[in-house]
Amino acid sequence: MIRNTTILVAAALLAWSAAAVHAQGVYRIVGPDGRVTFTDRPPQAGGAAMPAGGAASGAAEGNAALPYTLRQTAARYPVVLYTSADCAPCVNGRNLLVNRGIPFTERTVSSRDDIDALTRLAGDTGLPLLTLGRQQLKGFSDTEWTQYLDAAGYPRQSQLPADYQRPPAAPMVAAGQGAAPAPGSAPAQPEAARPEAARAAPAKPAARGAASPSNPAGIIF
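Fair warning: this is a prediction, and the values are worked out from it, not measured in the lab.

**Student:** Mind showing me how you'd approach the state of the cysteines here?
**Tutor:** By definition, a disulfide is the covalent link that joins the sulfur atoms of two cysteine residues. Following the criterion strictly, the structure yields one disulfide and no others. Linked covalently through their sulfurs, Cys-87 and Cys-90 form a disulfide whose S-S length is 2.2 Å. Disulfide Cys-87-Cys-90: torsion about the S-S bond near 75°, hence right-handed. Across the pair, Cys-90 and Cys-87 agree in class, each one buried.

Following this line, the structure appears as structure tokens:
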């Protein structure tokens, strides 16, 4: 009888501990450079964070439902499209990705903070910008984008599940991330005043290798 009571008490304590851990919460924080980190500490005032299971994790959740080969390609060479309103080439680029069934994330550029983040990423403010893994494709070109997608291993025909839902477009910099720097920190310098080495340099063109039917440009990632 005593042994059974001990087992029941231990089981109750274990269940309580699991519930406490679950209730603690995990926060997903996106930095100004787009880097994502996870923490169990609530964000500071003015910080931009959301529970890890929120809408911002939709891309990862959506990719989990993809066919195995497509999921592997998307993990190795994630596709991110940077767009703005009233940008016809941006619409053309988005349509190419959608029609081909490419799983991608879309980031919009509209605020001053977005523009600054885009400049740090690409070295200028030209749109659309497509990142494919570490490669950057500036401006829309059906031929060039197709060659890069082929070389990365993305299928020519859509393999997306019928119930696949593309993550909604989101600003490069979430509201609140453009707040004033913390007390004691040095004010941000204008782009023109920064040392040349501190500026974000545009990505180098892709290296070229042997051409093949699936990679006519001989692109090496």
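**Student:** What's the story with the packing of helix 4 (residues 88-100) against helix 6 (residues 142-152) in this structure? I'm lost.
**Tutor:** In helix packing, the relevant descriptors are the interaxial angle and the interaxial distance, both defined with respect to the helix axes. Their axes nearest at 11 Å, the elements helix 4 and helix 6 cross at an angle of 40°. In terms of axis orientation, helix 4 runs oblique to helix 6. The crossing of helix 4 and helix 6 is right-handed. Mapping the contact onto sequence places Gly-93, Leu-96, Leu-97 and Arg-100 in helix 4 and Asp-142, Trp-145, Thr-146, Leu-149 and Asp-150 in helix 6. Residue composition of the contact of helix 4 with helix 6, by class: four nonpolar, two polar and three charged.

**Student:** Before we go on, may I ask you to explain the pairing of strand 6 (residues 129-132) in this structure?
**Tutor:** In summary, the side chains of a regular strand alternate between the two faces of the sheet. Going residue by residue along strand 6, you find Leu-129 and Thr-131 tucked away on one face and Leu-130 and Leu-132 tucked away on the opposite face as well. The pairing of strand 6 with strand 7 (residues 135-138) spans four bridges and is antiparallel. Bridge pairing in strand 7 places Leu-132 opposite Gln-135. Two successive antiparallel strands, strand 6 and strand 7, enclose a turn made up of two residues, where Gly-133 displays a positive phi of approximately 65°.

What counts and how
Residues numbered from 1 in each chain as written. Predicted model: local features only at pLDDT ≥ 70, side-chain atom pairs only at ≥ 80, totals over all residues. Heavy atoms only, no water. Disulfide = S-S within 2.5 Å. Buried < 20%, exposed > 50% of the residue type's maximum accessible area, 1.4 Å probe, protein only. Axes fitted to C-alpha atoms, helices over the stretch in contact; angles between N-to-C directions. Helix = DSSP H or I, 4+ residues; strand = E, 2+ residues; numbered from the N terminus. Parallel < 35°, antiparallel > 145°, perpendicular 65-115°, else oblique. Left-handed = near helix turned anticlockwise from the far one by under 90°. Contact = heavy atoms within 4.5 Å. Nonpolar A, V, L, I, M, F, W, Y, C, P; charged D, E, K, R; others polar. Pairing = 2+ DSSP bridges.

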